[in-house]
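Structure at a glance
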Amino acid sequence: MIAVSTLHELSQRQNQLVWLETNWPIALFMVGGQVYAVDAHCTHQEAWLHEGDVNADTCEVSCPLHQARFNLQTGKATHGPAAAPLMVYPTQVDSAGTIYIEPITPWWR
Ligand code: FES
């Protein structure tokens, strides 16, 4: 697991861009008290998803460019024009509020 942020930082912004490595950007979201980590680039034309709006009721993020939607729990594209899913990375939060991501290898690497 790799430490990428803190609950304090994320709760101030709700969405946050972090980097696991150069060229491996991750979008963090806080929805309903849960932390979700997904690929930061939309699978349609690579817009930045941390800049998208989140629907807490459906746990989905909308791409700011063409409004594709992705489920943050599964990564599934739930509304076009995107069709390919996002990678979803397991997260953990320790007692100090540090957020960790499991850097599982995404299908696109
Ligand atoms: S870039 Fe996200 S829907 Fe087109």
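Let me begin by describing the structure that accompanies this report.

Reading the values: rules and limits
Residues numbered from 1 in each chain as written. Predicted model: local features only at pLDDT ≥ 70, side-chain atom pairs only at ≥ 80, totals over all residues. Heavy atoms only, no water. Helix = DSSP H or I, 4+ residues; strand = E, 2+ residues; numbered from the N terminus. Rg over C-alpha atoms; globule rule 2.2 N^0.38 Å. Buried < 20%, exposed > 50% of the residue type's maximum accessible area, 1.4 Å probe, protein only. Contact = heavy atoms within 4.5 Å. Areas by Shrake-Rupley, 256 points an atom, 1.4 Å probe, with all protein chains shown as cover. Lys, Arg positive; Asp, Glu negative; His and termini not counted. Charge placed at Lys NZ, Arg CZ, Asp CG, Glu CD. Pairing = 2+ DSSP bridges. Core = buried A, V, L, I, M, F, W, Y, C linked by side-chain atoms within 4.5 Å. Phe/Tyr/Trp six-rings, centres within 6.5 Å; stacked < 30°, edge-to-face > 60°.

1. Quick word on the overall build of the protein chain
- A count of helical and extended segments in the protein chain gives 1 helix and 11 strands.
- The order of α-helices and β-strands along the protein chain, N terminus first, is β-α-β-β-β-β-β-β-β-β-β-β.
- A globule of 109 residues ought to have a C-alpha radius of gyration of about 13 Å, and the protein chain, at 13 Å, matches this closely.
- When the backbone C-alpha atoms are referred to their principal axes, the protein chain occupies close to 40 × 30 × 20 Å.
- Across the 109 residues in the protein chain, those meeting the buried criterion constitute 41%.
- Across the protein chain, the fraction of contacts at a sequence separation of at least 24, relative to all contacts at a separation of at least 6, is 37%.
- Carbon and sulfur atoms make up 47% of the accessible area of the protein chain, which totals about 5800 Å².
- Here the protein chain carries 4 positive and 10 negative side-chain charges, and the mean point of each set is 6 Å from the other.

2. Thoughts on the pairing of strand β2 (residues 15–21)
- As paired strands, β2 and strand β3 (residues 24–31) are joined by 6 bridges and run antiparallel to one another. Across the sheet, residue N15 finds its bridge partner in β3, namely F29.
- Joining the antiparallel neighbours β2 and β3 is a turn of 2 residues, in which N23 adopts a positive phi near 70 degrees.

3. Let's talk about the nonpolar core
- In this structure, F29, C42, F70 and L72 are the most contacted members of the largest nonpolar core, which totals 18 residues.
- Among the elements of the structure, β3 and β4 (34–39) are those that each provide at least two residues to this core.
- The leading source of residues in this core is β3, at 3 residues.
- The next biggest cluster of nonpolar side chains, apart from the first, holds 14 residues, and it includes L10, W24, Y89 and I99.

4. Thoughts on the packing of aromatic side chains
- Under the defined criterion, the tally for this structure stands at 2 aromatic pairs.
- Between W19 and W48, the aromatic rings sit 6.2 Å apart at their centres with planes inclined by 65 degrees, giving edge-to-face as the arrangement. Within this pair, whereas W19 is found in strand β2, its partner W48 is found in the loop between β4 and β5 (53–55), the two being separated by 29 residues in sequence.
- Judged by relative accessible area, W19 falls into the partly exposed class, the value being 45%.
- Measuring from centroid to centroid gives 6.1 Å for W24 and Y89, while their planes differ by 65 degrees, and the two rings are edge-to-face.

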